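Residues per chain, in single letters:
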Amino acid sequence: MKNMERTILPLKERLKMAANSQATSSEAAARLVQRLSSVHTAYFFCKSANKDIMEGLTGEFWNCLENELLHYGGFCHSFRLAIEHDNDYFAAISSGASAEEVFDPYRPVWGIRVNNALVLLGLILLDHAKGGMRYRNIYYCTRMTLKQYLDALVDLSFQEDGTQDGDRAESFWIWRESFLKDKDGAWPLKEGLADILRRYIAAWQKFDHLDHILRCMGALSCYLEQEEAGRTLPQEEEERIRRFREALCRYGADLEGWELVEMDKRYLDPRGYYFSLAYEYPEAVPDPGSRDVAPGTLRNQIFLSERDYSPKALRKLAEKSPSQDLRKLLEKSISEERLSRAMREINIAVTDLYMLFVEPYLRMGEYHYERHLE
């Protein structure tokens, strides 16, 4: 691995960077990263809602961390434990199966729980970077430039003196070079983080659009069962609606809340109403990097759901739809190429978040943790 070059910036440049709350030297950048690693986890969360959501995702591993959980560097080990516990991909590889046999292009490679936990981690750090949380050690760390931050991570976590894992160091270096190819190293880390989250949201919306259609199909099914079944529907259609509802409930527990709106639908065509609702997917999602977005605005709104997004599974479900129009709309929205490309973007985004804010901290400072979940 290459040695990091240290340069002394001119006074004028250092003053400019200080005015932008950026580190003025590589040594200053390293100190900021060390402070982030040792910051008390309570300051990192700040808001109880953030802690509650994260605890729901990775909390089952927190008791294993004991005192390490008090510091951000130790808290990062909960992500490692979740990956080790949930990851069927690496388990299958270790059992002798090939990557092609176990790789599913329509699922996050680390699993839904780690995917969503990393997204929440990114949102919390971005809130700090925008000054919304007002804790200075995290704020200043997330304001340095991308290159400064990455160089500091290499210096602190991936030394070549034999004390660190050489393969991991090389892997980090390869990722670093790839990451900087389409990003300006002079960007503030805050801008790089916002860019990752924007790309994630753009890809996530492809799957959320499908979920929106499914929720409308479920709401129509619920309406037909409650308002018309046994009075105007033929027995055959009543049975078909029941089978669809059962299949949809098995497909995803979070789709059980069918009531999307509260309004009197007695004088409306329910099939046409829910088709129109499904067709009008609300695509507007706040820009995570905008100053107008208050801390906690997005939180779990942009989480990926736990379900099978493969075109085969979606088409099989579409066949049972209580509405031909909704079935056609769902089938029209299913594209193998588009869905696999979107999941690839999601995997890249969460990998970048992991490599930036989790992986290096697993070997940093005094917060090493070697115990595994029994």
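See the structure printed just above.
Residues numbered from 1 in each chain as written. Predicted model: local features only at pLDDT ≥ 70, side-chain atom pairs only at ≥ 80, totals over all residues. Heavy atoms only, no water.

1. Quick notes on the overall build of the protein chain
Regarding its fold elements, the protein chain presents 19 helices and 0 strands. Taking all 374 residues of the protein chain together, 51% fall into the buried category. Sequence-distant contacts in the protein chain: of pairs separated by 6 or more residues, those separated by 24 or more amount to 79%. As displayed, the protein chain offers around 18800 Å² of accessible surface, 48% of which is attributable to carbon and sulfur atoms. (Helix = DSSP H or I, 4+ residues; strand = E, 2+ residues; numbered from the N terminus. Buried < 20%, exposed > 50% of the residue type's maximum accessible area, 1.4 Å probe, protein only. Contact = heavy atoms within 4.5 Å. Areas by Shrake-Rupley, 256 points an atom, 1.4 Å probe, with all protein chains shown as cover.)

2. Considerations on the state of the cysteines
According to the stated counting rule, one finds 0 disulfides in the structure shown. A disulfide-free cysteine, Cys249 has its sulfur positioned 9.4 Å from the sulfur of Cys222, the nearest such atom. (Disulfide = S-S within 2.5 Å.)

3. Remarks on the nonpolar core
Of all hydrophobic cores here, the largest spans 105 residues; its most connected members are Tyr72, Phe75, Leu118, Leu121, Tyr149, Tyr200 and Phe357. Ranked by residues supplied to this core, first place goes to helix 14 (residues 189-228) with 19 residues. In this structure, Tyr149 is in contact with Val33, Cys141, Met144, Leu189, Leu356, Phe357 and Tyr361, ignoring residues within four places of it in sequence. (Core = buried A, V, L, I, M, F, W, Y, C linked by side-chain atoms within 4.5 Å.)

4. Re the pattern of salt bridges
Any two side chains of opposite charge can pair if their charged atoms end up close together. A full pass over the atoms with the stated rule returns 25 salt bridges. Arg176 is paired through a salt bridge with Asp151; the nearest N and O atoms lie 2.4 Å apart. With Arg176 in helix 13 (residues 166-181) and Asp151 in helix 12 (residues 146-157), this pair connects stretches of sequence that are 25 residues apart. Judged by relative accessible area, which is 4%, Arg176 ranks as buried. Two residues, Arg240 and Glu237, come together in a salt bridge whose shortest N-O distance is 3.9 Å. (Salt bridge = Lys/Arg side-chain N within 4 Å of Asp/Glu carboxyl O.)

5. Things to note about the packing of aromatic side chains
The final tally for this structure, using the stated rule, is 18 aromatic pairs. With 6.4 Å between their ring centres and 40° between their planes, Tyr72 and Phe75 make a pair best called tilted. Remark: Phe75 and Tyr72 occur in helix 6 (residues 72-75); sequence separation between them is 3 residues, near one turn of the helix. For the pair shown, Tyr72 and Phe75 are each scored as buried. (Phe/Tyr/Trp six-rings, centres within 6.5 Å; stacked < 30°, edge-to-face > 60°.)

6. Quick look at helix 17 (residues 311-318)
Looking only at helix 17, the buried set comprises Pro311, Ala313, Leu314, Leu317 and Ala318. End-on, the buried residues of helix 17 take up no more than an arc of 165°, which puts them together on one face. What points out from helix 17, more than 90 degrees from its buried face, is the exposed set Lys312 and Lys316. (Arc of directions from axis to C-beta.)

7. Some words on helix 15 (residues 235-251)
Here helix 15 is 17 residues long and its end C-alpha atoms lie 24 Å apart, about the 24 Å a rise of 1.5 Å per residue gives. Along helix 15, the residues classified as buried are Glu237, Ile241, Phe244, Arg245, Ala247, Leu248 and Tyr251. Buried residues of helix 15, seen end-on, are gathered within an arc of 165° and therefore sit on one face of the element. Those residues of helix 15 that are exposed and aimed more than 90 degrees away from the buried face are Gln235 and Arg250. (Expected span 1.5 Å × (residues − 1).)

8. Some remarks on unusual backbone geometry
Peptide bonds are, in most cases, trans, and in most cases residues other than glycine have a negative phi. Here the phi dihedral of Glu66 falls at roughly 50°; this positive angle occurs in a residue that is not glycine. One can find Glu66 in the loop between helix 5 (62-65) and helix 6. Glu66 sits in the partly exposed class, given a relative accessible area of 49%. The phi angle at Arg299 is positive, at roughly 35°, despite the residue not being glycine.

9. Here we look at the packing of helix 12 against helix 19 (residues 336-357)
Look at helix 12 against helix 19: their axes get within 10 Å of each other, and the N-to-C directions meet at 60°. Here helix 19 runs oblique to helix 12, going by the angle between their axes. Residue-level contacts link Tyr149, Leu150 and Leu153 of helix 12 to Met355, Leu356 and Phe357 of helix 19. Of the residues that constitute the contact of helix 12 with helix 19, the class distribution is 6 nonpolar, no polar and no charged. (Axes fitted to C-alpha atoms, helices over the stretch in contact; angles between N-to-C directions. Parallel < 35°, antiparallel > 145°, perpendicular 65-115°, else oblique. Nonpolar A, V, L, I, M, F, W, Y, C, P; charged D, E, K, R; others polar.)

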